[in-house]
Each structure stands twice: as C-alpha cells, then as structure tokens.
Amino acid sequence: MTALKHTPLHAAHRALQARMVDFGGWDMPVNYGSQIDEHQAVRSDAGMFDVSHMRVVDFTGPRVRAFFEHAVANNVGKLKTPGKALYSCLLNPQGGVIDDLIVYYFGEEFFRVVVNAGTADKDIAWFERLNADGGFGLAITPRCELAIVAVQGPNAREKVWATVPSAREATSALKPFNAAAIAATPFGDLTVARTGYTGEDGFEVIVPAAHVEALWDALREHGVRPCGLGARDTLRLEAGMNLYGQDMDETVSPLDAGLAWTVDLTAPRAFVGRDALERDGSRAAFVGLILQKENGKAGGVLRAHQKVVTAHGDGEITSGTFSPTMQESIAFARVPAGVAPGDTVAVQIRDKQLPARVVKLPFVRNGKVLV
Amino acid sequence: MSQIPNDLKYTAEHEWIRVESDGTLSIGITDHAQQTLGDIVFLELPQVGKTVDAGEAVGVIESVKAASSIYSPVSGEVVAVNAAIVDAPDAVNNDAYASWLFKLKLAAGADTSGLLDAAAYAKQID
C-alpha cells in the first residue's frame, strides 16, 4: 500500500475537520460535516472544492492544433479565441474513453488540458505516445506545481471578485467555457475559467500551489463554504455530468454514455477512435432515472450497478444517489436502445424491483429542477 | 470524536443496545456509524412480530453515499419499530443515541453477554 497523495490544501482540510477518503490514491475531503448542507450551499449561494488532484498539462509547439485535432473527439476547430475551453473525450482506437478532459486554447502554439486525477499518468503516457508516433514535436509539461479551486454557485463569481478584486475586470465579461489569465494577484498568477462540475455558475481557479491555502482562506472569509467530494458527486449527478470510471471507461463508447454531443463526426478529421465510432454507432441509450414513490415513500436509493429491467431488455445504473435538491433518488443508466423518456422501468434494489421513471438529462440546472 | 455512552452495550457492527426496565432491548446505530455513513436518507426496518437470530440482517440504512445493513444483536422477537424515524431518518445524524430503530424481546435462552461494553467498542473503532 503506497501512501496517499496530498494536495497543497491537505492541512487546511484537516484543520476544518473534514472527513477524508481515499479518492484514486489521493487523501481527499468527502465532507466537512454535512454533505447535504454543502450541496445546498452550492445550489443557493457559493461553495468551493479543492480539485488540485486534477492535473494541469501544458502543450506547446507549432503543431499543437494538429495534435489535438488528432487526439480528441470534439471539434478543436471551435477553439479560436484565446481562453476558449472545450470539453472532450480522449478515445482509444477501439472508441473507448481513455479520459474526459477540458482543452483550453491560449494560442496557436499553446494549449492546456485539465485531466482527471486517477487517469493523469495514463493520459500523459498516451499523449506522449501520440506526440512521438505522429512526429508532432510538442513539449508536454505536467504542471504539478499548480493547484485548482472550483468556486461554484449563484454567488460564486461575486465572491471570487470580492476576494481577488483584479479578477473582476478580467472575468466579468467572460462567457461560460472561457478562461482568462490574471497576472500578479495577491495569490500569484491565476487562470480563471468559467467552468465547473455542478450545474451552477462559477469559476475554476488555477493557482500556484504556494498560494492556494491563502486563496482558500480568503474565499472562506468572503463566505464561500468548503465542500467535499460527496457534495461534488450529488451536484454533478443532478447536473447530468458524467464521472469517468463510473459512467464511462476504456470499454465504453462515448456514444453509449450520453456524450455524443462531445463527439464531432461532421468535420473531415481523422481523430483516434473515429473509425470505431462510425463502425459501431450508438449501441445503447444513456438516460436519467427517478425512483418512484409508493404510498409517498421511496423503497431505497438508486446506486451504481443495480440492474434495470426494461421492455427492451436489461440495463444497468452507472451512477446513482439521493438528490438533495429533488429529495428523490436519481440515477444515470445505460439501457437498451428504444428506452425513452417517459417510460417506466424497474430497478432491482436488494430483493425488490421498484419502478423508476425515465427522464432526459440533466435533472437540475442553475438551481432549477428540469424534470 | 464520536460519543460512546457508558450505559449502553454495543456490537462490532456499530449498533448500540439499551436494556430497558421491562427487559426489552432498544437498538440503534452508533454515533461512529452515523458519522461514517454521512447524511442518512432511507431506513428499512423489520416487521413487528418477526423472529430474528443474532447477527441476522434485519434492515437497511442508506445515506446519500452508501447502503448498509442493520443486524440484530441478539436472537429474539421484534416488538416495536420506530415509525417516526423512518419518516425522518436524518434524526439519526442529529442524535444517534436518541434514535432507536427497533425493540427486541430476547428469545428464551438468549442473553446479552456477547455484547461489547463502551470500552471494548471504543477499542474496536480506534
């Protein structure tokens, strides 16, 4: 057993008496008391997450655009203005998902990606291989000295601006899925992106590790509530956002994981995995489920790997939880093609088959229930 | 730090047991268990009248994060279940020791000698 890795905020989490868990080899806060209260703080005000376990990787060189046109499934052609971000899958030649990531465009010779913690080493090895095999000649630089804090919620941007006044001018006009670099703040040079994993407005702030604890403390003083991975999971589930390793992995096509919208099959671009996706097409539906109540009570909580019985055959829940916003149990499920929103299916929970309603994702956006 | 009252008995499965004046046993989950589970959102308890064996899974407790079984600490008959707590399971988070889940009448020949005292349980979760 190797020792768990620590983010630069580890001592701060401990000081706040966080309950810590092993998350992909990192000792991370799951909550600081109540996961539900943290969830509600993000839906109604502002919360923050230490996501420094995620890895920033910089790509530089004249052929960086050509590299990403080859490496990722989404249309890199959308990346034209500096700071623009694009969510995409990294696919293997079989069309399975190596990782999901965000690609940032900062210039024709400088792209940046942020990848998941548990897949970072694998991703970098894959990028290095594509770089070498294709002769792209890029410099690929993991930025382990950078930390990331996600500040999320309807009041998140205001509270970031109150904490880092020079960020207001640079980011007040920033549209969703765009980032801006802000030099020489009291917390060092920042990259502030209007992105997140909660379905709420907010920023993800990339900050030098040496300054992240000061930034964290200052955000707390401005009323931003620390939130753990527990709330992060319920928020992203309500927001209909996939979790790598749970909703998709190297054996799953993005077309069977609700990620067809991130795959660009229109442009004449030979990206890794494209042939397999075009050959196989979509083989399953990826839907939302809401557990139905009987006599006003639900019979349990939807969880990953529970069997879903439908008129078109059996499927499986990939992620499930209790939704604090809806006060109902919700899930994502991969089910046979033909299952559609409005259908009722049965979920095997322990010794019972309980009815669930099929809905279109997401469940919640910007504080509002959509289903 | 979780609380472990001295006047209760415990099991390794993180249940607490109070011997009531009429000899029945009130059973709940410990403060340590509720802290580990996190926000509790669902409880399934046994039927009144059910005969249960020591160590038998008799119910389910689910938090936002995970599902966990509730075990009977001794053999006996279920004589009451806490219906109020089924409707408001977060009460277990607020005060685990005020939140009894079900009551048992000991089976003939069964006793509580196999249960842990507070010190032994504290060692168990250390």
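Only a predicted model underlies this, so the values are computations on that prediction, with no experimental measurement involved.

Reading the values: the criteria
- Once a new chain begins, its residue numbering starts again from 1 and follows that chain's sequence as written.
- For this description, chains carry letters from A and ligands carry numbers from 1, given in the order in which they are written.
- Local features in this predicted model are restricted to residues of pLDDT 70 or higher, and side-chain atom pairs are both shown and tallied only at a pLDDT of 80 or more, whereas totals for entire chains, interfaces and linings draw on every residue.
- Values shown for side chains rest on all heavy atoms present in the structure; no hydrogens or waters enter the calculation.
- To sort residues, take the accessible area from a 1.4 Å probe on protein chains only and compare it with the maximum for the residue type: under 20% means buried, over 50% means exposed, and anything in between is partly exposed.
- Here a strand is any run of E in DSSP of at least two residues, a helix any run of H or I of at least four, and the numbering for each starts at the N terminus.
- By the convention used here, strands pair only if DSSP detects at least 2 bridges between them.
- What makes two residues a contact is simply this: any of their non-hydrogen atoms within 4.5 Å.
- Buried area, as used here, totals the accessible surface that two parts lose on assembly, with accessibility defined by a 1.4 Å probe and the loss added over both.
- One speaks of a salt bridge when a side-chain nitrogen belonging to Lys or Arg is within 4 Å of a carboxyl oxygen belonging to Asp or Glu.
- Polar contacts, as used here, are pairs of N or O atoms within 3.5 Å; protein pairs need one atom able to donate a hydrogen and one able to accept it. Residues neighboring in sequence count only if both atoms are side-chain atoms.
- When residues are sorted by character, Ala, Val, Leu, Ile, Met, Phe, Trp, Tyr, Cys and Pro go into the nonpolar class, Asp, Glu, Lys and Arg into the charged class, and all the rest, Gly among them, into the polar class.
- Only buried residues count toward a nonpolar core, which is a set of Ala, Val, Leu, Ile, Met, Phe, Trp, Tyr and Cys residues joined through side-chain atoms within 4.5 Å.
- Two aromatic rings from Phe, Tyr or Trp, using only the six-membered ring of Trp, form a pair when their centres are within 6.5 Å; if the ring planes differ by under 30 degrees the pair is stacked, by over 60 it is edge-to-face, and anything between is tilted.
- Only lysine NZ and arginine CZ atoms are considered, and such an atom sits over a ring when it is within 6 Å of the ring centre and within 35 degrees of the ring normal.

## Some thoughts on the pairing of strand β6 (residues 57–63) of chain B
Residues and elements named next belong to chain B.
Thought 1: With six of seven residues buried, β6 is to be regarded as a mostly interior element.
Thought 2: Pairing of strand β4 (residues 40–44) with β6, which is carried by four bridges, proceeds in the antiparallel orientation. Within β6, the position partnered with E44 by the bridge is V60.
Thought 3: As paired strands, β6 and strand β7 (residues 67–71) are joined by five bridges and run antiparallel to one another. Residue pairing across strands places E62 opposite A67, the latter belonging to β7.
Thought 4: Turn length for the β6-β7 hairpin, with the two strands adjacent in sequence and antiparallel, is three residues.

## What about the interface of chain A and chain B?
Thought 1: The partner chain B presents 15 residues to the 16 residues of chain A that form the contact.
Thought 2: Between chain A and chain B, the buried area comes to about 1300 Å², and carbon and sulfur atoms account for 46% of it.
Thought 3: The three residues of chain A that bury the most area against chain B are A:R19, A:R303 and A:R350, which together make up 40% of that side's buried surface.
Thought 4: On inspection of chain A and its partner chain B, the count reaches three salt bridges.
Thought 5: Close ionic contact of B:E62 with A:R350 constitutes a salt bridge, the shortest N to O distance being 2.8 Å.
Thought 6: At the surface where chain A touches chain B, the tally comes to 14 residue pairs in polar contact (both at pLDDT 80 or more).
Thought 7: At the level of secondary structure, the elements contributing two or more residues to the side of chain A that touches chain B comprise α2 (35–44) and β16 (313–323) of chain A.
Thought 8: Taken together, the residues that form the side of chain A that touches chain B break down as five nonpolar, six polar and five charged.

## With respect to the side chain of A:T171
All names here are of chain A.
Thought 1: Position of T171 among the secondary structure elements: in helix α6 (residues 166–171).
Thought 2: The buried category is assigned to T171, whose relative accessible area is 0%.
Thought 3: A polar atom in the side chain of T171 sits 2.7 Å from the side chain of W161.

## Remarks on unusual backbone geometry
All names here are of chain A.
Thought 1: Residue P362 is bonded to the preceding L361 through a cis peptide linkage, with omega at 0 degrees.
Thought 2: Structurally, P362 can be placed in the loop between β19 (352–359) and β20 (364–365).
Thought 3: We note that F177 has phi near 65 degrees; this positive angle belongs to a residue other than glycine.
Thought 4: As for its position among the elements, F177 is in the loop between α6 and β10 (179–185).
Thought 5: Phi angles above zero are rare outside glycine, and A184 is one such case at about 55 degrees.
Thought 6: Structurally, the position occupied by A184 is in strand β10.

## Describing the pattern of salt bridges
Side-chain pairs of opposite charge can arise whenever the charged atoms involved come near each other.
Residue and element names in this part refer to chain A.
Thought 1: Enumeration according to the criterion identifies 27 salt bridges over all chains in this entry.
Thought 2: For D233, the salt bridge goes to R236, with nearest N and O atoms at 3.0 Å. Taken together, the residues span about one helical turn, with D233 and R236 both in helix α8 (residues 229–238) at a distance of three residues.
Thought 3: Connected through shared salt-bridge partners, D58, R112, R143 and E145 make up one network.

## Observations concerning the nonpolar core
All names here are of chain A.
Thought 1: Of all hydrophobic cores here, the largest spans 32 residues; its most connected members are F49, L91, Y104, V114, I148 and M248.
Thought 2: Contributing elements (two or more residues each) for this core: β5 (85–91), β6 (97–107), β9 (146–152) and α8.
Thought 3: Of the residues forming this core, the biggest block, four residues, is contributed by β5.
Thought 4: Not counting residues within four places of it along the chain, the set of residues in contact with Y104 comprises G83, K84, A85, F110, F111, R112, V114, A179, A193, T195 and E204.
Thought 5: Among the nonpolar cores identified, the runner-up in size contains 30 residues, and L9, A12, V205 and L219 belong to it.

## Remarks on the packing of aromatic side chains
Residues and elements named next belong to chain A.
Thought 1: In total, this model carries 16 aromatic pairs over all chains according to the counting rule given.
Thought 2: Ring geometry for F67 and F127: centres 6.1 Å apart, planes at 50 degrees, overall tilted. Taken together, the residues span a long stretch of sequence, with F67 in helix α3 (residues 64–71) and F127 in helix α4 (residues 120–133) at a distance of 60 residues.
Thought 3: Look at F67 and you get buried, because its relative accessible area is 0%.
Thought 4: Taking 5.2 Å as the distance between ring centres and 10 degrees as the angle between the ring planes, the aromatic pair formed by F68 and F111 counts as stacked. Residue F68 is located in helix α3, and its partner F111 is located in strand β7 (residues 110–115); the two are separated by 43 residues in the primary sequence. Considered together, F68 and F111 belong to a single accessibility category, that of buried residues.
Thought 5: Of the aromatic side chains, those joined through ring pairs into one cluster are F59, F67, F68, Y105, F111, F127 and F136.
Thought 6: The ring centre of F49 lies 5.7 Å from the NZ or CZ of R232, which sits over that ring.

By themselves, these are just geometric observations and shouldn't be taken as functional.
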